[in-house]
Amino acid sequence: MGSDTEAEKSIQKEKKKVISLAPIAKPLAGKKLQKKTFKLIQKAAGKKCLKRGVKEVVKSIKRGQKGICVIAGNISPIDVITHLPILCEEAGVPYLYVPSKEDLAQAGSTKRPTCCVLVMLKPAKGELSAEDLEKLKTDYEQVADDVKELASDVI
């Protein structure tokens, strides 16, 4: 009856994340793909190759910038992000959902929870060194392949 152990608390948190998922959150990343995606987001944030938030992501996609769109699945109201998958499909940008906007923000180096991020290979300003670009590109391609495979399973 008293206090819960750490393991029980983490299980309860995980259940809350799954319960609050939006019904349109497909393709949803599995644990392994989530880990890879969050690592990619962290690297991209360090190299300034990341767009955060619906407004920035939509603007970038409409301007023809390519990347991987990562959308949080626990957004409320859902109307905020319902247009993003359609926009991504029209532009040929791979997208996937992750369960938590808090985890997405943490990976993107911000404290504020964010609805979506766009991981790009080119930074907003300047250029990347060849070595940094190569490291980012290998991770990017791995995640992009997994996303395309996941998307083909959904359809």
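The structure this text deals with has already been given above.
Treat the numbers as computed from the prediction; the structure is a model and nothing was measured.

*Asks:* Can you lay out the overall build of the protein chain for me, pointing to particular residues and giving the numbers?
*Replies:* What the protein chain contains, in helices and strands, is 6 helices and 4 strands. Its helices and strands taken in sequence order, the protein chain reads α-α-β-α-β-α-β-α-β-α from the N to the C terminus. Of all 155 residues assigned to the protein chain, the portion counted as buried reaches 39%. Counted over contacts in the protein chain with a minimum sequence separation of 6, partners at least 24 positions apart contribute 82%. Here the protein chain has roughly 9700 Å² of accessible surface; of this, 54% comes from carbon and sulfur atoms.

*Asks:* Report on the sheet that holds strand S1 (residues 50-52), specifying residues and quantitative values.
*Replies:* Taking strand neighbours across the sheet as the criterion, the 4 strands line up as S1-S4-S2-S3 in an open arrangement whose pairing is mixed. The sheet terminates laterally at S1 and strand S3 (95-98), the two strands that pair on one side only. Pairwise comparison of adjacent strand axes, ignoring direction, gives a mean angle of 20° for this sheet. Both strand S2 (residues 68-72) and S3 contribute to a ladder of 4 bridges, which runs parallel. Bridge assignment links isoleucine 71 to a residue of S3, and that residue is tyrosine 97. Strands S2, S3 and strand S4 (116-119) of the sheet are contacted by helix H4 (residues 84-91), whose axis makes an angle of about 150° with S3.

*Asks:* I'd like to hear about helix H2 (residues 31-46), residue by residue, with values.
*Replies:* Between its first and last C-alpha, H2 extends 23 Å over 16 residues, near the 22 Å set by a 1.5 Å rise per residue. With its phi angle positive at about 65°, lysine 48 sits one or two positions after the end of H2.

What counts, and at which threshold
- Residues numbered from 1 in each chain as written.
- Predicted model: local features only at pLDDT ≥ 70, side-chain atom pairs only at ≥ 80, totals over all residues.
- Heavy atoms only, no water.
- Helix = DSSP H or I, 4+ residues; strand = E, 2+ residues; numbered from the N terminus.
- Buried < 20%, exposed > 50% of the residue type's maximum accessible area, 1.4 Å probe, protein only.
- Contact = heavy atoms within 4.5 Å.
- Areas by Shrake-Rupley, 256 points an atom, 1.4 Å probe, with all protein chains shown as cover.
- Pairing = 2+ DSSP bridges.
- Axes fitted to C-alpha atoms, helices over the stretch in contact; angles between N-to-C directions.
- Expected span 1.5 Å × (residues − 1).

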